[in-house]
2 protein chains.
Amino acid sequence: MIQKLITKIKQVNAPIVVGLDPMLNYIPQHIKEKAFAEFGETPAGAAEAVWQFNKEIIDNVYDLIPAVKPQIAMYEQFGVEGIKAFQKTVDYCHEKDLVVIGDIKRGDIGSTSAAYAAGHLGKTVIGSKCYSTFNEDFVTVNPYLGTDGVKPFVDVCREEKKGLFILVKTSNPSSGEFQDRIADGRPLYELVAEKVAEWGSECMSDTYSYIGAVVGATYPEIGKSLRKVMPKSFILVPGYGAQGGKGADLVHYFNEDGLGAIVNSSRGIIAAYKQEKYVSFGEINFAEASRAAVADMAADINGALENAK
Amino acid sequence: MIQKLITKIKQVNAPIVVGLDPMLNYIPQHIKEKAFAEFGETPAGAAEAVWQFNKEIIDNVYDLIPAVKPQIAMYEQFGVEGIKAFQKTVDYCHEKDLVVIGDIKRGDIGSTSAAYAAGHLGKTVIGSKCYSTFNEDFVTVNPYLGTDGVKPFVDVCREEKKGLFILVKTSNPSSGEFQDRIADGRPLYELVAEKVAEWGSECMSDTYSYIGAVVGATYPEIGKSLRKVMPKSFILVPGYGAQGGKGADLVHYFNEDGLGAIVNSSRGIIAAYKQEKYVSFGEINFAEASRAAVADMAADINGALENAK
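Residues numbered from 1 in each chain as written. Chains lettered and ligands numbered in written order. Predicted model: local features only at pLDDT ≥ 70, side-chain atom pairs only at ≥ 80, totals over all residues. Heavy atoms only, no water.

**A look at the interface of chain B and chain A**
On the side of chain A, 68 residues touch chain B, which itself brings 68 residues to the contact. Taken together, both faces of the contact between chain B and chain A bury some 5700 Å²; the carbon and sulfur share is 61%. Area buried by chain B at its contact with chain A is led by E41, Y144 and F178 of chain B, which between them contribute 16% of it. For the pair chain B and chain A, the interface holds eight salt bridges. The partner of R181 of chain B in a salt bridge is D184 of chain A, and the shortest N-O contact between them spans 2.7 Å. Run the count over chain B and chain A and you get 37 residue pairs in polar contact (both at pLDDT 80 or more). (Contact = heavy atoms within 4.5 Å. Buried area = accessible area lost by both parts, 1.4 Å probe. Salt bridge = Lys/Arg side-chain N within 4 Å of Asp/Glu carboxyl O. Polar contact = N/O pair within 3.5 Å; in protein donor to acceptor, adjacent residues only side chain to side chain.)

Next up, the structure:
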């Protein structure tokens, strides 16, 4: 799957991923009204609004991007109905041949991690049958529980040729509280990054590993140093746009081959129509505003990579 | 909700929680056969088997225990149908007046953590309506992202009088890989425990905080030292029984008032009928074996606490 991601990045010339994190207040009024008219102001109504919103955005941007990253929390908050909308979104993105990164940040131990891994990336065995349940291509994983927690995911990735992005240094302001603690003379995130490289060495494609890392756009110096710690790992970079990251900050997250990183924007793309810059599209044409924002983001990052050569 | 947990622990005289982690291979053949006959070897069939298994166990143990801890991974692996069984289990435990600890180990940042907190503990706003979606009483939370990740959960707990158990030191063999790293002269888990005490100080009931911690039964010396770092926090203790922890190891997880800890057993209770000790119950009477195992566990822990006086 890492090979598919790389091929698609080259094809569309855009190392970017669109975060499908549909908060209800991002969704235009006309979509909510229609969904609520049909299903009421209920979880089913919210899930329908989320799904219609996602679909229109996907239809308008799928040819410009290699991958999407649905954030499961935004679906899970609506319970069973929300999870249905998550599944529909994943399936529809596959129909459009997009790589799907499930932003689930799961992490547990032993058989519990194995259950998450089977449900999201692998196959669940029921009697004599096998099911690919959620069937994402990559998921994000939390490393706090150590190798016992991550290994069951790695095993499924090796089996299914799927991939992970393991939280190393997150984009939020307080990420340093634990992640930056100096242990054995080095920050914790660096020790985690070393483990990512180690786990990843067991799951190599041609040049890159199936096992990648999450490093926030908001800490460019750290991104630069971690690039060297995990040379074969793709870095998923959240925090671009709304959280403050810019293309010029991100050039060192990439390797010299121009690969090795994929930059996420969520709100900046899916709620682009609310920004001054794209307001002329109007709420009704929200998905065209998203398309323009995707093009601008790709140009910003490609321009920065070009300048850095 | 911490007050309800304390009242119930005193009422049944058992500081224990039953982990509802129903792997399919724990479930007796007759239950699976019936569920598969009705729904096929499908996610719906698996979810039905899980639900019938849980229900029979709950019916047989609810009067002996204060709380249950469903592990969402074991449901989530079956997708939408699994999540339905999770919801049914939570709702049924509430009918039986049990405190429900959702073992979800979620953790993200800002609005994403807020969505998890709303969906699992609080209320989700849809148009002019409010819904308590999953409606657990407590959830487990992963602290790797720092205060930004935990705060949205704490805020909902303060509002709804619900609670958290934050991962501090987990029970698995490799938990030390990151959690034991020495930073500023102290292990990381101790720094996390201090934060738990700090976050908890904002959410106090009479004597205990709504904000608790997870500390594995498999590290009794660490449990003893962390008890002092977080004197007002309840400790949820996994790793009893199948993972190796015994009652005698756990006395220092409790405060002198005999409270402050709640010990979980999952496999040891729900799959008790597979153990030598309870094999005479037979597979058909699996839930009675669970009842006997609950009584034995309570006696083991209460005996140890009595001996330590």
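**Observations regarding the packing of helix α9 (residues 188-201) of chain B against helix α10 (residues 220-229) of chain B**
Two numbers describe a pair of packed helices, the interaxial angle and the distance between the axes. All names here are of chain B. Where α9 meets α10, the closest approach of the two axes is 9 Å, and the angle between their N-to-C directions is 35°. Viewed along their axes, α9 and α10 form a crossing whose handedness is right-handed. Seen from α9, the contacting residues are Y189, E190, A193, E194 and A197; seen from α10, they are I222, L226 and V229. Each residue belonging to the contact of α9 with α10 can be placed in one class, and the counts come to six nonpolar, no polar and two charged. (Axes fitted to C-alpha atoms, helices over the stretch in contact; angles between N-to-C directions. Helix = DSSP H or I, 4+ residues; strand = E, 2+ residues; numbered from the N terminus. Left-handed = near helix turned anticlockwise from the far one by under 90°. Nonpolar A, V, L, I, M, F, W, Y, C, P; charged D, E, K, R; others polar.)

**Focus on the relation of the copies chain B and chain A**
When chain B is fitted onto chain A, the two copies agree to an RMSD of 0.0 Å after a turn of 180° and an axial shift of 0.0 Å. Given the turn and translation reported, the copies of this chain are related as if by a two-fold rotation axis. Within chain B, the C-alpha atom positioned nearest to the axis of rotation is that of A183 of chain B, 2.3 Å from it. When the interface residues of chain B are mapped onto chain A, 100% of them again lie at the interface, so the same face is used by both copies. (Least-squares fit on C-alpha atoms with pLDDT ≥ 70 in both.)

**Here's the deal with the side chain of R227 of chain A**
Residue and element names in this part refer to chain A. The topology assignment puts R227 in helix α10 (residues 220-229). Within the buried set, R227 has no salt-bridge partner at all; the shortest N-O distance to an opposite charge, 7.2 Å, is to D257. Leave out the neighbours within four places in its chain, and R227 touches K232, S233, I235, H252, Y253, F254, N255, G260 and A261. (Buried < 20%, exposed > 50% of the residue type's maximum accessible area, 1.4 Å probe, protein only. Lys, Arg positive; Asp, Glu negative; His and termini not counted.)

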